[in-house]
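# Observations on the model geometry
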Amino acid sequence: MTTSTTDTSWLGSLIDAVISLMDIIGPIGAGVAIALENLFPPLPSEAILPMAGIAAHDGAFGLWEAVAWTTAGSLVGALALYGLGAWLGLSRLRRIADRLPLIDVSDVDRTVAWFHRHGGKAVFFGRFVPIFRSLISIPAGVARMPLWRFGALTTLGSLIWNTAFILCGWFLGSGWHIVEQYVDVVQNVVIVVVVVTAVVFAVVRIRSLRAKKRHGASPEPSDTRTGELPVRSGR
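Residues numbered from 1 in each chain as written. Predicted model: local features only at pLDDT ≥ 70, side-chain atom pairs only at ≥ 80, totals over all residues. Heavy atoms only, no water.

## Here's the deal with a nonpolar patch on the surface
The grouping of Ile24, Ile25, Ile28, Val32, Leu36, Leu39, Phe40 and Trp69 at the surface amounts to a nonpolar patch, some 730 Å² of accessible area in total. Mapped by element, the contributors of at least two residues to the nonpolar patch are α1 (10-25) and α2 (27-39). One can find Leu36 in helix α2. With relative accessibility at 43%, the residue Leu36 sits in the partly exposed group. (Patch = residues over 30% accessible without salt bridge, like charges linked within 9 Å, V, L, I, M, F, W, Y side chains within 5 Å. Areas by Shrake-Rupley, 256 points an atom, 1.4 Å probe, with all protein chains shown as cover. Salt bridge = Lys/Arg side-chain N within 4 Å of Asp/Glu carboxyl O. Helix = DSSP H or I, 4+ residues; strand = E, 2+ residues; numbered from the N terminus. Buried < 20%, exposed > 50% of the residue type's maximum accessible area, 1.4 Å probe, protein only.)

Listed below in structure tokens is the structure:
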């Protein structure tokens, strides 16, 4: 496979390295790259998967091999993050949250409770959302979602996602860059939404903490003669 990007950024260089990896070890290289994409979200599967499709179209390996190995890579990466969440556990995560300045223990409890209600849908549909598809595996581990269920939903969602982009590379070939521009726009929109949400959360939480501090620092007026708080009657 000789296709490479013309982007001179670090991301372009990284994608070129992935392409070289596929040149050396075939579809296994694509699987390794997708596993790393789960652990390192800035590495976009939207760029890697079409390259695997183009390589398959050029005869470097079979189309089904590209789909199988990239789906296996998605599962391996997701299981690694699931293991991290399981290792952290709810108790340890609550202790960590208690030490963070803008996070409350109740935030962790609410997140885990939400995951218990909607975890299946979050894991499946999360495979189609940049960044989120990596992060969702951690609360799945914290909540101890049954491993077979997590694996099945991750595999199914990844199979659909990976197949769609590999086929795009297969059918579009060198014309993939036309579609990639729109994919980049969608990915950037998701990233902006995540950043804006984080900023809004931080602002709201800081204001809430300041309001609590002001409220807690306002004692009842004391009796000017004795310096003691006035005694209220029950009438």
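## Describing the confidence of the model for the protein
Averaged over the protein, the pLDDT score is 77; the fraction of residues at 70 or greater is 66%. Of all the helices and strands in the protein, helix α9 (residues 176-216) carries the lowest mean pLDDT, 62, while helix α8 (residues 147-172) carries the highest, 93. Note on residues 217-235: pLDDT is under 50 here. Beyond four places in sequence and across chains, it has ten contacts. (pLDDT = per-residue confidence, 0-100. Contact = heavy atoms within 4.5 Å.)

## Focus: the packing of aromatic side chains
Two measures describe an aromatic ring pair: the distance that separates the ring centres and the angle between the ring planes. Inspection of every chain in the model, using the stated rule, returns six aromatic pairs. Ring geometry for Phe125 versus Phe128: centroids 6.5 Å apart, planes at 65 degrees, classification edge-to-face. With 6.2 Å between their ring centres and 35 degrees between their planes, Phe128 and Trp161 make a pair best called tilted. Of the two residues, Phe128 is situated in the loop between α5 (105-126) and α6 (132-135) and Trp161 in helix α8; the sequence distance between them amounts to 33 residues. What makes Phe128 partly exposed here is its relative accessible area of 25%. An aromatic cluster is defined as three or more aromatic residues linked by ring pairs; in this entry it consists of Phe124, Phe125, Phe128, Trp161 and Phe165. The ring of Trp87 is capped by Arg92, whose NZ or CZ atom sits 4.6 Å from the centre of that ring. (Phe/Tyr/Trp six-rings, centres within 6.5 Å; stacked < 30°, edge-to-face > 60°. Lys NZ or Arg CZ within 6 Å of the ring centre and 35° of its normal.)

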